[in-house]
Amino acid sequence: LDYGPRYLSGNPAHGYRVNPSELLTHWQTYVQTVVNRFGDRIDYWEIENEMNSRDFWGKVVIETADSSSRDGPAEPDAILYAHMLRIAHDIIKQHDRNDTVILGGLAGYYGDLADCARNYQKYLIDLHEAGAWDTFDVVAIHPYHNSPDSNGFAPDAFIERGLHYNLFTKTCATTTTPLSVLTEVRGVLDLTNRLGPKPLWITEIGWNRDWLNHWATVHSTTADVIEAAYVARTYVPLLSEAGVEKVFWFTQTNAQDHSFDLGPSGQRTLGNLSALLANSQPLG
């Protein structure tokens, strides 16, 4: 369930920001209508997308009468998102209490490394303090493994991944922290275990064709081979980690610009892993 009603008009004096109460009224109508119509066929509901990202949060709260200038960037607002989560949660659970409500996958640090607003831990703590921790069943993140102006890195490479967030002082440090995909995920799991344990889903991860071509040139091979290796080196460690329930590759096929489409070798690797790991017990 994504973004905000496009027919709402923002206020030019506030950067065309939509009135929050008006947004929530229409959001409630939207969610209720979708649940009434499709609720018997849907068991899993992800609420919004990358809400800690200025670009994607702008799709929720920035609307204008000029369709060419919709969806400008906006500062993330965990409190308003908490209200949206509560509304969606209550409607969904009233229809079927066994349905699963998933936190909108939080964006990784592939923008400005010095941008504390993008920090997973900060946003999760903000949601917790807003009283929203009981409004979703699953935490979701998008740990794309690249830095600004990078070609993406292997999932087990340690790269600068944004400012370290101090859980006690609730401030970001002045230096970035090198992390692999696995250690980044472990940091999120550590926090969620403190705030109240919940399963973690990786609802997006992948490598685009430009990044793969770069490393194919470095290693004198093909992008397809690099991608297949990254599939295995992503799924096996993550699914072996206690607390990580699901990993969704972006994307099996047909991305908007096809730059993230999973190639033939990657698809075979994913199929082989599915066969080999099904019903297995990870030993850590």
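So, here is what we can say about the structure in this document. Remember, predicted model here, so these are calculated numbers, not experimental data.

## Focus on the overall build of the chain
- When helices and strands are counted, the chain shows eight helices and eight strands.
- Against the compact-globule benchmark of 19 Å for 284 residues, the chain has a radius of gyration of 19 Å, which places it among compact chains.
- For the chain, contacts bridging at least 24 residues in sequence account for 68% of all contacts bridging at least 6.
- Element-wise, carbon and sulfur atoms account for 52% of the exposed surface of the chain, whose accessible area totals about 13700 Å².
- Charge separation in the chain, taken as the distance between the mean sites of 21 positive and 35 negative side-chain charges, equals 3 Å.

## A closer look at the environment of Ser-220
- As for its placement among the helices and strands, Ser-220 is situated in the loop between helix H6 (209-218) and helix H7 (223-239).
- We classify Ser-220 as exposed; its relative accessible area is 69%.
- Taking C-alpha positions, Ser-220 is 29 Å from Thr-183, a pair spaced 37 residues apart along the chain.

## Considerations on the sheet that holds strand E4 (residues 139-142)
- Taken together, the four strands give an open sheet; going across it, the order is E3-E4-E7-E8, and neighbouring strands pair in parallel fashion. Unpaired on one side and paired on the other, strand E3 (106-107) and strand E8 (244-249) mark the two borders of the sheet.
- In this sheet, E4 lies alongside E3 in parallel orientation, the contact comprising two bridges. Looking at E4, one finds that Ala-107 is bridged to His-142.
- Most of the contacts of helix H5 (residues 181-195) go to strand E7 (residues 200-205), to which it runs at about 145 degrees, and overall it touches E4, E7 and E8.
- With respect to the sheet, H7 is in contact with E7 and E8, its orientation differing from that of E8 by roughly 165 degrees.

## Structural notes on the nonpolar core
- Counting 74 residues, the largest nonpolar core has Ile-47 and Tyr-81 as the members making the most contacts within it.
- Look past the residues within four positions of Ile-47 in its chain and what remains in contact with it is Leu-1, Trp-27, Tyr-81, Leu-85, Ala-88, Ile-92, Val-101, Ile-102, Leu-103 and Gly-104.

## Concerning the packing of helix H1 (residues 20-38) against helix H3 (residues 78-95)
- Where H1 contacts H3, the two axes come as close as 10 Å, and the packing angle between them is 25 degrees. With respect to H3, the axis of H1 lies roughly parallel. Of the two elements, H1 crosses H3, and the hand of that crossing is right-handed. For the pair H1 and H3, contact is made by Pro-20, Leu-23, Leu-24, Trp-27, Gln-28, Val-31, Gln-32 and Val-35 and by Leu-80, His-83, Met-84, Ile-87, Ala-88, Ile-91, Ile-92 and His-95, respectively.
- Considering only residue class, the contact of H1 with H3 consists of 12 nonpolar, four polar and no charged.

## Here we look at the pattern of salt bridges
- Under the criterion given, the structure shown has 10 salt bridges.
- A salt bridge links Glu-129 to Lys-170; the shortest N-O distance between them is 2.2 Å. Here the residue Glu-129 occupies a position in helix H4 (residues 120-129), and Lys-170 occupies one in the loop between strand E5 (159-166) and strand E6 (171-179), the gap between them amounting to 41 residues.
- Judged by its relative accessible area of 43%, Lys-170 is partly exposed.
- A salt bridge links Asp-156 to Arg-233; the nearest nitrogen and oxygen atoms lie 2.9 Å apart. In this pair, Asp-156 is assigned in the loop between E4 and E5 and Arg-233 in helix H7, connecting sequence segments 77 residues apart.
- By relative accessible area, which is 36% here, Arg-233 ends up partly exposed.

The rules we used
- Residues numbered from 1 in each chain as written.
- Predicted model: local features only at pLDDT ≥ 70, side-chain atom pairs only at ≥ 80, totals over all residues.
- Heavy atoms only, no water.
- Helix = DSSP H or I, 4+ residues; strand = E, 2+ residues; numbered from the N terminus.
- Rg over C-alpha atoms; globule rule 2.2 N^0.38 Å.
- Contact = heavy atoms within 4.5 Å.
- Areas by Shrake-Rupley, 256 points an atom, 1.4 Å probe, with all protein chains shown as cover.
- Lys, Arg positive; Asp, Glu negative; His and termini not counted.
- Charge placed at Lys NZ, Arg CZ, Asp CG, Glu CD.
- Buried < 20%, exposed > 50% of the residue type's maximum accessible area, 1.4 Å probe, protein only.
- Pairing = 2+ DSSP bridges.
- Axes fitted to C-alpha atoms, helices over the stretch in contact; angles between N-to-C directions.
- Core = buried A, V, L, I, M, F, W, Y, C linked by side-chain atoms within 4.5 Å.
- Parallel < 35°, antiparallel > 145°, perpendicular 65-115°, else oblique.
- Left-handed = near helix turned anticlockwise from the far one by under 90°.
- Nonpolar A, V, L, I, M, F, W, Y, C, P; charged D, E, K, R; others polar.
- Salt bridge = Lys/Arg side-chain N within 4 Å of Asp/Glu carboxyl O.

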